[in-house]
Amino acid sequence: MNVKKIIASLQKRSGVFRLIKIAAAVVILAIGCSILLKILPYKQLNFFLTREYSTRIYDRKKNLLQVTPLKNGLRREYVPIKEIPRDVQKIFIKAEDKRFYFHGGIDLIAVVRSVFLNASNKKNVSGASTITMQLAKIINATYENQNNEYQSKVKRNISKKIYEAFCALKLEARFSKKEILELYLNSIPFGNNAEGVMSASRLYFGKEISSLDEQQIELLSKIPRRPSFYSPKNKYQYPYFMPHLVRYLKDNDYFLNQKKIKSRVYKSDVPYEINLSVDFDVQSYAQTCADDAIKEAEFSRISNISVLVMDVQTGAVLAWVGSNDFNDNESNGQIDGVRFKNQPGSSIKPFLYALALDNGVVKPTDVIADVPVEYGEEKAYIPFNFNNRFNGPVRLRVALASSLNIPAVKILDETGIDVFADKLEELGFKDIKVNAEKTGYALALGGGEVSLYEFVPAFSVLARDGKYIPLKFLSGTDEKKEIRGKSKQVYSVDTVRIIDSFLSDKGARSLGFGYYQTFETKYPSIFKTGTSNQFQNITALGATPRYAVGVWMGNFSGETVIGRTGSSLPAYVAKTILDYLENFDELDSIPFEEPKKYHKEKICSLSGKKPGENCRTTLTEYVKNGEALESCTWHVKKGNKVKTVFPAIYQQWYLLNQNKYSEDVELNYMDSELKILSPRNKSVYFYDKYSRFNQSIQVEVIGGSEEVIEIFVDDQPYRTSGRPCAFDIPMEKGVHYIRAVCGNQEKVVSYDVR
């Protein structure tokens, strides 16, 4: 008996061992198959995982601005599985693959049922496709139709179905069930150029999937079966805001993932969402202001406007209006006016004045001679003020605030064209330096071409104590990905604070613009406007210590506008937007601070020097600590009368305006060294043989130590002149020399008549 039991026990054990071996073989086979399925090539999948998705573009407050279209207008949005509501996942699984979590890609129960039903009915009445098989079908179809071209329904045969089943097994070997479901829900075609549940939800219901109710989800799950039958008749438009900015960001690779998303199923180089620094509320207000301005400018032959708004403290772009209407083809609305280069006119002047102050070329108390002047030799440059007047002695503050041209050109001449061009390049103006030599003295008056994209961050330097900060476009979690240029100090703090004082001085503006109220604000602010010389462009810039705004108006076609100096309409837009921004939140406005190394001191309002007992009017101006002002010599008491005595440099201006002054105003012809003002040395003149008028050259000499000046032309005595020494000589062809002798001083110039 014992032997039989032992034999039976051994037989039982061998049966168990056999079962274990079989099970082990099955496991090894399964593992081997899984490994094989993982390593088998699947080129369609590799392409599928790296394909591009639409990008959801949000503002800083998570307002959706755009869902970027792909080829042929397709929208395909990616949503991580954890952000797809559970109800959406459950309803789609229930509708398409009830045993999704219980099979390995092929549902054998569904296959058997399908075969039985189709055989019984002698036609296809039931399918056996699982979610994984449907995903395989989508993957293979995507590879075959990479350009998203329209295709009529492709007939599927048994071999294709078998291949899709095999691909489903490869997918199951590579991904978890959650990952497969994620790929599927983000890739289902819903018709009408929408793929994925998010794009479909937005197209058919006008909302994100997180906001759908159960009935809407049920309907959404049916649409892929037959979009033309199940999809709602009403379709919602995808948001399409700020197209110019979005295009700029795409062109400059802001949509490329600089930090890869950690996902096994999302391998696109383009992020599926991006958060911008812009504020949709600010953008909407700026767009409304732009639209209103274009309507108001209807009779001024203006068809285009652009606006750029930034946060001064951070450099963040808050609004970007490329044109008033992106879809206005007649007015070239798709051109981005923020990047469109135009002549800025006088709005460039603050940068020149700040540079001259920094370099010690001028002081805040200086008085500039706004008198006729000529620069150059063969190519003469003769600047004029916008009102074609000469204003005589003008304080530096007034010259900038009233935007006078002649003082600006004089300051540029003393500062240096190349030096100014270098500073403009440091401020972010890219093309100015290249053309500086060609632009010449016109650079002081905005002769170069710049864009609002360059101008607004440069102007914000004046509201940020001289520090340049590059524009910032991203916010939130994307902010760290943004690669920006370095911040840098381009002007000294005190210089910028003095310029701010000049630009915000209502009284100093009155000479050029009167007491017009456009620039009046309840908060500290600075403004500068500019008009190109042919009225093709009008520009306005405004800033507070918190915000900066730039506005351009004109025509992309280059057609001149019917305008007037001062750029009042763009200035009004800039000021209106600043009003909105300064009341946008509950924060108090920030004042412009006073310079630390300067103090206010009384000066003579005419000469800018220390006032004496004879000076009629005085005012205060910034004087550097430790600097002693020269005493005023312009007001002199002669007998019982106080007379105003202008320096010799004002001779030509004085002669033009002599009839306006009483006998109490004189000119000191001899307060400087001898100088021939006209003609300039090496000047070139052209004789017009067809002119019926006598052609002559004006000679003007100032300074010297004696009352009498002797003039020689080509070394021959020409005339002896008293004061003022100003006369004309006939124009004769050839190279000629003029020599002026006054006491022991002598000056010589040459000129050429051709």
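Basis of the calculations
Counting from 1, residues in each chain are numbered in the order their sequence is written. In keeping with the predicted nature of the model, local features appear solely for residues at pLDDT of at least 70, side-chain atom pairs appear and are counted solely at 80 or more, and the whole-chain, interface and lining totals rest on all residues. Where side-chain values are given, they derive from all heavy atoms of the structure, hydrogens and water being excluded. Counting from the N terminus, the helices are the DSSP runs of H or I reaching at least four residues and the strands are the DSSP runs of E reaching at least two. Throughout, a residue-residue contact means that at least one pair of heavy atoms, one from each residue, lies within 4.5 Å. Salt bridge, as used here: a side-chain nitrogen of Lys or Arg that lies within 4 Å of a carboxyl oxygen of Asp or Glu. Each residue is assigned to one of three classes by its accessible area relative to the maximum for its type, calculated with a 1.4 Å probe on protein chains only: buried under 20%, partly exposed between the two thresholds, exposed over 50%. Between any two strands, at least two bridges found by DSSP are needed for them to pair. Note on aromatic pairs: the rings of Phe, Tyr and Trp (six-membered ring only in Trp) are paired at centre separations within 6.5 Å, and the planes decide the class, stacked below 30 degrees, edge-to-face beyond 60, tilted for the rest. We call a charge positioned above a ring when the Lys NZ or Arg CZ atom is no farther than 6 Å from the ring centre and deviates by at most 35 degrees from the ring normal. Between N or O atoms, a polar contact is any pair within 3.5 Å; within protein, one atom must be a potential hydrogen donor and the other a potential acceptor, and residues adjacent in sequence are included only when both atoms are from side chains. What makes a patch is a set of residues exposed beyond 30% relative accessible area and free of salt bridges, joined within 9 Å when like-charged and within 5 Å when nonpolar (Val, Leu, Ile, Met, Phe, Trp, Tyr). Accessible surface is estimated by sampling points in the Shrake-Rupley manner with a 1.4 Å probe; for residues, cover comes only from the protein chains shown. Only buried residues count toward a nonpolar core, which is a set of Ala, Val, Leu, Ile, Met, Phe, Trp, Tyr and Cys residues joined through side-chain atoms within 4.5 Å. Note on geometry: axes are lines fitted to C-alpha atoms, helical ones only across the stretch in contact, with angles between N-to-C directions running from 0 to 180 degrees. The scheme is simple: roughly parallel for angles under 35 degrees, roughly antiparallel for over 145, roughly perpendicular for 65 to 115, oblique for anything else. For any pair of crossing helices, the crossing counts as left-handed if the nearer helix is rotated counterclockwise from the farther one by less than a right angle, and right-handed if it is rotated clockwise. As a working rule, the residues Ala, Val, Leu, Ile, Met, Phe, Trp, Tyr, Cys and Pro are called nonpolar, Asp, Glu, Lys and Arg charged, and the rest polar, with Gly in that last group. Here, a disulfide means two cysteine sulfur atoms that sit within 2.5 Å of each other. Here the arc refers to the set of directions running from the helix axis out to each C-beta atom.

## Re the overall build of the protein
Then, in step 1: Of the regular secondary structure elements, the protein holds 22 helices and 27 strands.
Then, in step 2: Contacts in the protein between residues far apart in sequence, at least 24 positions, make up 68% of those at least 6 positions apart.

## A look at the pattern of salt bridges
Then, in step 1: Enumeration over the complete set of coordinates arrives at 35 salt bridges.
Then, in step 2: In this structure, the salt-bridge partner of Arg202 is Glu208, at a minimum N-O distance of 3.5 Å.
Then, in step 3: Arg202 sits in the buried class, given a relative accessible area of 7%.
Then, in step 4: A residue is classified by how much of its surface remains accessible, and Glu208, at 23% relative accessible area, is partly exposed.
Then, in step 5: Here the salt bridges share partners, and the residues they tie into one network are Arg56, Lys62, Glu77, Arg202, Glu208 and Glu273.

## Some points on the pairing of strand S17 (residues 635–638)
Then, in step 1: Pairing of S17 with strand S18 (residues 641–646), which is carried by four bridges, proceeds in the antiparallel orientation. Within S18, the position partnered with His635 by the bridge is Thr644.
Then, in step 2: A loop of two residues connects S17 with S18, the two strands running antiparallel in sequence, and Gly639 in this loop sits at a positive phi of about 70°.

## Some words on the packing of aromatic side chains
Then, in step 1: Tallied over the entire structure, the rule returns 36 aromatic pairs.
Then, in step 2: Their ring planes at 70° and their centres at 5.0 Å tell us that Phe100 and Tyr101 sit as a pair that is edge-to-face.
Then, in step 3: One aromatic cluster is present, formed by Tyr248, Tyr254, Trp320, Tyr453 and Phe473 through successive ring pairs.
Then, in step 4: Sitting above the plane of the Phe712 ring, Arg739 keeps its charged end 4.2 Å from the centroid.

## Digging into the side chain of Arg76
Then, in step 1: Mapped onto the elements of the fold, Arg76 is located in strand S3 (residues 75–76).
Then, in step 2: There is a polar contact of 2.9 Å between the side chain of Arg76 and the side chain of Glu195.

## Things to note about a nonpolar patch on the surface
Then, in step 1: A grouping of Val735, Tyr737 and Val748 is seen on the molecular surface, where their side chains present a nonpolar patch of about 290 Å² in accessible area.
Then, in step 2: Take Tyr737: it is sitting in strand S26 (residues 734–742).
Then, in step 3: On the basis of relative accessible area, Tyr737 is assigned to the partly exposed category, the value being 46%.

## Points about helix H8 (residues 197–205)
Then, in step 1: Counting buried residues in H8 gives nine out of nine residues, a clear majority hidden from the surface.
Then, in step 2: When we look at burial in H8, the residues that qualify are Val197, Met198, Ser199, Ala200, Ser201, Arg202, Leu203, Tyr204 and Phe205.

## A look at the nonpolar core
Then, in step 1: Counting residues in each nonpolar core, the largest one holds 84 residues, and the members touching the most others are Phe351 and Phe429.
Then, in step 2: In terms of residue count, the dominant contributor to this core is helix H13 (residues 349–358) (seven residues).
Then, in step 3: Not counting residues up to four positions away in its chain, the partners in contact with Phe351 are Phe420, Leu424, Leu427, Phe429, Phe455, Ala458, Phe459, Leu462 and Tyr491.
Then, in step 4: Counting 48 residues, the second-largest nonpolar core is a separate cluster that includes Leu45, Phe48, Tyr53 and Tyr78.

## Quick word on the packing of helix H5 (residues 131–144) against helix H7 (residues 177–185)
Then, in step 1: Here H5 crosses H7 at 50°, and the two axes come no closer than 10 Å. Looking at the two axes, H5 sits oblique to H7. Viewed along their axes, H5 and H7 form a crossing whose handedness is left-handed. Of the residues in H7, those touching H5 at Ile131, Thr132, Gln134, Leu135 and Ile138 are Lys177, Ile180, Leu181, Leu183 and Tyr184.
Then, in step 2: When its residues are assigned to classes, the contact of H5 with H7 shows seven nonpolar, two polar and one charged.

## Looking at the sheet that holds strand S19 (residues 665–667)
Then, in step 1: Pairing within the open sheet is mixed, and its three strands lie in the order S17-S18-S19. Each of the sheet's edge strands pairs with one partner strand only, and the pair in question is S17 and S19. Averaged over all pairs of adjacent strands, the angle between strand axes in this sheet comes to 40°, irrespective of strand direction.

## A few points about the state of the cysteines
Chemically, a disulfide is nothing more than a covalent bond linking the sulfur atoms of two cysteines.
Then, in step 1: Throughout the structure, instances matching the rule amount to zero disulfides.
Then, in step 2: Its sulfur unpaired, Cys742 is 9.0 Å from the next cysteine sulfur, which belongs to Cys725.

## A few points about the sheet that holds strand S23 (residues 709–713)
Then, in step 1: Pairing in this open sheet of five strands is mixed, and the strands run S21-S27-S26-S23-S24 from one edge to the other. Edge positions in the sheet fall to strand S21 (683–685) and strand S24 (716–721), since each has one partner strand and no second. Each adjacent strand pair in this sheet contributes to an overall mean axis angle of 25°, direction not counted.
Then, in step 2: One ladder, built from five bridges, connects S23 with S24; its direction is antiparallel. Considered in S24, the bridge of Phe712 is made with Pro717.

## Overview of helix H2 (residues 43–50)
Then, in step 1: Among the residues of H2, those classed as buried are Gln44, Leu45, Phe48 and Leu49. Seen end-on, H2 carries its buried residues on one side only, within an arc spanning 125°. Summarising the geometry of H2, the exposed residues directed more than 90 degrees from the buried face are Lys43 and Asn46.
Then, in step 2: Contacts made by the buried residues of H2 are with H5, helix H6 (158–174) and H7.

## Here's the deal with the environment of Lys233
Then, in step 1: By the element assignment, Lys233 lies in the loop between helix H10 (227–230) and helix H11 (243–251).
Then, in step 2: For Lys233 and Tyr204, which are 29 residues apart along the polypeptide, the C-alpha to C-alpha distance reads 8.3 Å.

## Structural notes on unusual backbone geometry
Then, in step 1: Following Ser678, the chain continues into Pro679 via a peptide bond in cis, with omega recorded as 0°.
Then, in step 2: One can find Pro679 in the loop between strand S20 (675–678) and S21.
Then, in step 3: The step from Arg723 to Pro724 runs through a cis peptide bond, and the omega angle for that step is -5°.

## Thoughts on the pairing of strand S7 (residues 317–321)
Then, in step 1: Burial of S7 is extensive: five of the five residues sit out of reach of the surface.
Then, in step 2: The pairing of strand S6 (residues 304–311) with S7 spans four bridges and is classified as antiparallel. Bridged to Val307 within S7 is Val321.
Then, in step 3: Hairpin remark: S6 followed by S7, antiparallel, with five residues in the connecting loop; positive phi at Gly315, about 85°.

## Digging into the packing of helix H3 (residues 86–96) against helix H9 (residues 214–222)
Then, in step 1: As a packed pair, H3 and H9 sit with axes 9 Å apart at the nearest point and diverge in direction by 40°. By the angle between their axes, H3 is oblique relative to H9. Here H3 runs over H9; the crossing is right-handed. Taken together, the residues of H9 that come into contact with H3 (itself represented by Asp87, Val88, Ile91, Phe92, Ala95 and Glu96) are Glu214, Ile217, Glu218, Leu220 and Ser221.
Then, in step 2: The residue inventory of the contact of H3 with H9, partitioned by class, reads six nonpolar, one polar and four charged.

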